[in-house]
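Close look at the chain arrangement
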Amino acid sequence: INSYHFRWICEIGKGLKRKFSVTGYTQMTKTLTLEVYSNNGVLLLTKTTSIKVVSVLASARTILSIGDSISNGKPWYSELRSLSNNNISFVGTRGTAPIKHEGRSGWTASNYLTASAYTYVSEGIHPFWNAANNRFDWAYYKTSTGINPNAIMLNLGTNQLWDITTAANDLKTIVDY
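These lines cover the structure that appears in this document, whether it is placed above or below. From a predicted model like this one, the values you see are computed outputs, not experimental measurements.

Remarks on unusual backbone geometry
Between Ala97 and Pro98 the backbone carries a cis peptide bond, its omega angle lying at 5 degrees. Relative to the elements of secondary structure, Pro98 occurs in the loop between strand S8 (94–96) and strand S9 (99–103). Positive phi values are uncommon outside glycine, yet Asn85 reaches one of about 55 degrees. Inspection of the secondary structure puts Asn85 in the loop between helix H1 (76–83) and strand S7 (88–91). The backbone of Asn134 shows a phi angle near 55 degrees, a positive value even though the residue is not glycine. Mapped onto the elements, Asn134 comes out in the loop between strand S10 (129–130) and strand S11 (135–136). The exposure class assigned to Asn134 is exposed, which follows from its relative accessible area of 56%.

Overview of the layout of surface pockets
The computed volume of the largest pocket comes to approximately 780 Å³. If you go around the largest pocket, you meet 19 residues; those closest to its centre are Val22, Thr23, Val54, Leu80 and Leu83. Mapped onto the lining of the largest pocket, the elements with two or more residues apiece are strand S3 (20–21), strand S5 (43–53) and H1. For the lining of the largest pocket, the per-class residue count stands at eleven nonpolar, five polar and three charged.

A closer look at the environment of Gly73
Along the polypeptide, Gly73 turns up in the loop between strand S6 (61–67) and H1. Counting along the chain gives 23 residues from Gly73 to Thr96, while the straight-line C-alpha distance between them is 8.9 Å.

Considering a nonpolar patch on the surface
A cluster of nonpolar side chains, namely Tyr4, Phe6, Val42, Leu44 and Leu45, defines an oily patch on the protein surface of about 450 Å² accessible area. Of all elements in the fold, only strand S1 (4–9) and S5 reach the threshold of two or more residues within the nonpolar patch.

Overview of the pairing of S6
Burial runs high along S6: five of the seven residues are buried. For the segment spanning S6, H1 and S7, crossover handedness is right-handed. The sheet contact formed by S6 and strand S12 (residues 151–155) spans five bridges and is parallel. Within S12, the residue paired with Ser65 across the bridge is Met153.

A short note on the packing of aromatic side chains
The full count for this structure, using the stated rule, is twelve aromatic pairs. Ring centres of Phe136 and Tyr177 lie 6.4 Å apart, and the angle between their planes is 15 degrees; this geometry places the pair in the stacked category. With Phe136 in strand S11 and Tyr177 in the segment after helix H4 (164–176), the pair connects residues that are 41 residues apart, well separated along the chain. For Phe136, a relative accessible area of 1% puts it in the buried group. One aromatic cluster is present, built from ring pairs that chain together Trp107, Tyr112, Tyr118, Tyr120, Phe128, Phe136, Trp138, Tyr141 and Tyr177. In this arrangement the basic side chain of Arg104 is found over the ring face of Trp107, its NZ or CZ atom lying 5.5 Å from the centre. Sitting above the plane of the Tyr177 ring, Arg135 keeps its charged end 4.2 Å from the centroid.

Cut-offs applied
- Residues numbered from 1 in each chain as written.
- Predicted model: local features only at pLDDT ≥ 70, side-chain atom pairs only at ≥ 80, totals over all residues.
- Heavy atoms only, no water.
- Helix = DSSP H or I, 4+ residues; strand = E, 2+ residues; numbered from the N terminus.
- Buried < 20%, exposed > 50% of the residue type's maximum accessible area, 1.4 Å probe, protein only.
- 1 Å grid on protein atoms, 1.4 Å probe; cavity = no way out; pocket = protein on both sides within 12 Å on 5 of 7 lines; lining within 4 Å.
- Points joined across faces, edges and corners; volume = space filled by probe spheres on them.
- Nonpolar A, V, L, I, M, F, W, Y, C, P; charged D, E, K, R; others polar.
- Patch = residues over 30% accessible without salt bridge, like charges linked within 9 Å, V, L, I, M, F, W, Y side chains within 5 Å.
- Areas by Shrake-Rupley, 256 points an atom, 1.4 Å probe, with all protein chains shown as cover.
- Salt bridge = Lys/Arg side-chain N within 4 Å of Asp/Glu carboxyl O.
- Right-handed = clockwise from strand over helix to strand, strands pointing away.
- Pairing = 2+ DSSP bridges.
- Phe/Tyr/Trp six-rings, centres within 6.5 Å; stacked < 30°, edge-to-face > 60°.
- Lys NZ or Arg CZ within 6 Å of the ring centre and 35° of its normal.

Shape descriptors only; they carry no functional weight alone.
Here it is, written out as structure tokens:
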């Protein structure tokens, strides 16, 4: 990553070391362009997308974050809560309220599709696994944990970049369930 340089181009917000950030604006849609340069100043890639700035939530919402180390109790949870005026709470069986989650460092989507135990911290088999059905089971998770969020966020794929087709198929299976 140290061999590349990123230039974010947008009418609003600012480029930071590891991200692009927008705060303190009213509702709008703007174009965001990312340019990636080599250490020699050669433009390697340009990508453009639209960002939609939305109003702060007027009522409380819960999000279940399922994933790998990106989801495993990171500081961005607190930042997102702050940006929502604490109207977003994260739920799950790991972490401490109001920032709980289902993040497990090193995991891939396939770990959630099998009877995998999170041995890094001596946890048993993850709570999505329904032994009676022998599969990932969303309804079982909701019933057994009492957790029924307004939204689900999947942060998986980083640990399986070497086989992106399998990772994508496994993510689709999770979504289908």
